[in-house]
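What follows is the residue order along each chain.
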Amino acid sequence: MRTKPVTLVSVIAIPIAIALATAGCGGSASDKAAEPAATVAHVKVFAFRPTPLKVPAGSKVTWINDDDITHTVTSGTRTYEPGDTGKVVSTQKDGQFDMALEGAGKKGSFTFAKAGTFHYFCDRHPGMEADVVVQ
C-alpha cells in the first residue's frame, strides 16, 4: 500500500486552516471589556481602605474584613452630636447594601451600576465611614 507523501504545504496549511476556523469561537476582546471591573477594598484597624474608593460604573466592589471583629458595610449616612463627641444622633440606611463581615477574612460584595457618590459606614462603630465614587 502506497501512502501519499507529506509536503511542506500540507504541514503548514492544515494548522492555519484549523486556527482560522476556530478563531471565531469563544469571546472576543469586546466581550471581555463588557464584563464589570472587580475591585477589592479592605476593612482594617477600624477603617475602610481606600477612601474614597473610585471605580467605573458597573464595577463589583468586594470588601474584605482584615480585623478579627465584626464590621458592617452599610449604605447611607449618620448624623453626629454637635462638637467632637463622636456620639451618633441618627442613622439613615438607604437600603442599597448592608453586609455583616463577621471576623477576619469575611467578604461582602456590591455592584455599582450607575455613576454617583455612595456613602457607607460600619453600623457598629461610630466614625467608620467612607465613600465609593462611581464614574
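Look above for the structure.
Rules of the game
- Residues numbered from 1 in each chain as written.
- Predicted model: local features only at pLDDT ≥ 70, side-chain atom pairs only at ≥ 80, totals over all residues.
- Heavy atoms only, no water.
- Salt bridge = Lys/Arg side-chain N within 4 Å of Asp/Glu carboxyl O.
- Helix = DSSP H or I, 4+ residues; strand = E, 2+ residues; numbered from the N terminus.
- Core = buried A, V, L, I, M, F, W, Y, C linked by side-chain atoms within 4.5 Å.
- Buried < 20%, exposed > 50% of the residue type's maximum accessible area, 1.4 Å probe, protein only.
- Contact = heavy atoms within 4.5 Å.

Caption draft 1: Geometry of the pattern of salt bridges. For the structure on display, the rule yields 3 salt bridges. Note that arginine 78 is salt-bridged to glutamate 129, the shortest N-O span being 3.4 Å. Taken together, the residues arginine 78 in strand E5 (residues 70–80) and glutamate 129 in strand E9 (residues 129–134) connect sequence positions 51 residues apart. Overlapping salt bridges bring together Lys93, Asp98 and Asp123 as one network.

Caption draft 2: Representation of the nonpolar core. If you look at the biggest cluster of nonpolar residues, it comprises 19 residues, and the most contacted ones within it are Phe48, Trp63, Val73, Phe112, Tyr120 and Val132. For this core, the secondary structure elements donating two or more residues are strand E1 (38–43), strand E3 (53–55), strand E4 (59–65), strand E6 (88–102), strand E8 (116–121) and E9. Not counting chain neighbours up to four residues away, the residues in contact with tyrosine 120 comprise Phe48, Trp63, Val73, Thr74, Ser75, Gly76, Phe97, Met128, Glu129, Ala130, Asp131 and Val132.

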